[in-house]
Amino acid sequence: MGGNRFLASIRPYALYMAWIVSIVAVGGSLYLSEVMRYEPCKLCWFQRIFMYPEVILLGIASYKNDRKIIPYAMTLSVIGGCISIYHYLEQKIPALAKALPCTVGIPCNFDYLNWFGFITIPLLALIAFILIVLLLWAGREPKDNAQEA
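Bear in mind the structure is a predicted one, so any value in this text is a computation, not a measurement.

About the thresholds
- Residues numbered from 1 in each chain as written.
- Predicted model: local features only at pLDDT ≥ 70, side-chain atom pairs only at ≥ 80, totals over all residues.
- Heavy atoms only, no water.
- Helix = DSSP H or I, 4+ residues; strand = E, 2+ residues; numbered from the N terminus.
- Buried < 20%, exposed > 50% of the residue type's maximum accessible area, 1.4 Å probe, protein only.
- Contact = heavy atoms within 4.5 Å.
- Areas by Shrake-Rupley, 256 points an atom, 1.4 Å probe, with all protein chains shown as cover.
- Expected span 1.5 Å × (residues − 1).
- Patch = residues over 30% accessible without salt bridge, like charges linked within 9 Å, V, L, I, M, F, W, Y side chains within 5 Å.
- Salt bridge = Lys/Arg side-chain N within 4 Å of Asp/Glu carboxyl O.
- Axes fitted to C-alpha atoms, helices over the stretch in contact; angles between N-to-C directions.
- Parallel < 35°, antiparallel > 145°, perpendicular 65-115°, else oblique.
- Left-handed = near helix turned anticlockwise from the far one by under 90°.
- Nonpolar A, V, L, I, M, F, W, Y, C, P; charged D, E, K, R; others polar.
- Core = buried A, V, L, I, M, F, W, Y, C linked by side-chain atoms within 4.5 Å.

**Comments concerning the overall build of the chain**
Scanning the chain for helices and strands turns up 7 helices and 0 strands. Reading the chain from its N end, one meets helices and strands in the order α-α-α-α-α-α-α. A buried classification covers 40% of the 149 residues belonging to the chain. For the chain, the share of sequence-separated contacts (at least 6 apart) that also reach a separation of at least 24 residues comes to 73%. Carbon and sulfur atoms make up 70% of the accessible area of the chain, which totals about 9200 Å².

**Side note on helix α6 (residues 121–139)**
Look at α6: 27 Å from first C-alpha to last across 19 residues, which is about the 27 Å you get at 1.5 Å a residue. What α6 keeps buried is the set Pro122, Leu123, Ala125, Leu126, Ala128, Phe129, Ile132, Val133, Leu135, Leu136, Ala138 and Gly139.

**Considerations on a nonpolar patch on the surface**
A contiguous nonpolar surface patch, about 300 Å² in accessible area, is contributed by Tyr13, Tyr16 and Met17. Mapped onto the elements, tyrosine 13 comes out in the loop between α1 (2–10) and α2 (14–35).

**A short note on the packing of α2 against α6**
With their axes 8 Å apart at the nearest point, α2 and α6 run at an angle of 165° to one another. Considering their axes alone, α2 and α6 lie roughly antiparallel with respect to each other. Relative to α6, the crossing made by α2 is left-handed. Where α2 abuts α6, its residues Ala14, Leu15, Met17, Ala18, Val21, Ser22, Ala25 and Leu32 lie against Ile121, Ala128, Leu131, Ile132, Leu135, Leu136, Ala138 and Gly139. Of the residues assigned to the contact of α2 with α6, the class counts are 14 nonpolar, 2 polar and no charged.

**Overview of the nonpolar core**
Counting 28 residues, the largest nonpolar core has Leu15, Ala18, Met51, Leu58, Ile132 and Leu136 as its most contacted members. Among the secondary structure elements, those contributing two or more residues to this core are α1, α2, α3 (42–64), α4 (70–92) and α6. Top contributing element to this core by residue count: α6, with 8 residues. When neighbours within four sequence positions are excluded, isoleucine 132 is seen to be in contact with Ala18, Val21, Ser22, Met51, Glu54, Leu58 and Ser77.

**Side note on the side chain of serine 62**
Topologically, serine 62 is positioned in helix α3. Residue serine 62 is classed as buried on the basis of its relative accessible area, which comes to 1%. The residues touching serine 62, leaving out its near neighbours within four places in the chain, are Leu15, Tyr16 and Trp19.

**Brief notes about α3**
With 23 residues, α3 ought to run about 33 Å at 1.5 Å a step, and its terminal C-alpha atoms sit 34 Å apart, in line with that. Among all positions of α3, only Leu43, Cys44, Gln47, Arg48, Phe50, Met51, Glu54, Leu58, Gly59, Ala61 and Ser62 are buried. On the buried face of α3, the contacting elements are α2, α4 and α6. Within two residues after α3, asparagine 65 carries a phi angle of roughly 55°, on the positive side.

Okay, here's the thing in structure tokens:
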């Protein structure tokens with residue numbers, strides 16, 4: 001019962017919170033590349049391709065309170081999260097970097113950040129994608145209201 005109450009309290013703000021997470025993720029990636037001058041690798045670009053539209057889509061959906069965007073935004077986040085998982089594993093497991101090496105620009109297994117030995121840029125991106133998925137899942141319409149409409 002407590003879980004239902006928690007979801008009910010988050011539901012009205014879930015789109016906004018997911019939008020804020022996407023803004024922070026995009027702002028962080030732009031800070032790292034434009035201010036800190038960390039050159040993004042190929043896999044970082046793919047993760048950005050799936051995160052950057054989220055700012056626009058979730059922003060418009062939040063403004064209009066349009067929950068119909070949730071399946072599409074979730075799809076972008078799940079795909080981006082899968083890329084983040086692979087990228088993180090490539091950084092932590094050297095054999096993966098040899099299996100499919102980055103041939104252009106900076107190598108994908110290069111760590112610009114390595115806080116506490118495990119927090120890297122792909123892990124931060126993965127956390128953002130997971131938070132967006134969880135918030136969108138919490139923000140979807142309840143089954144009762146969806147069937148009545």
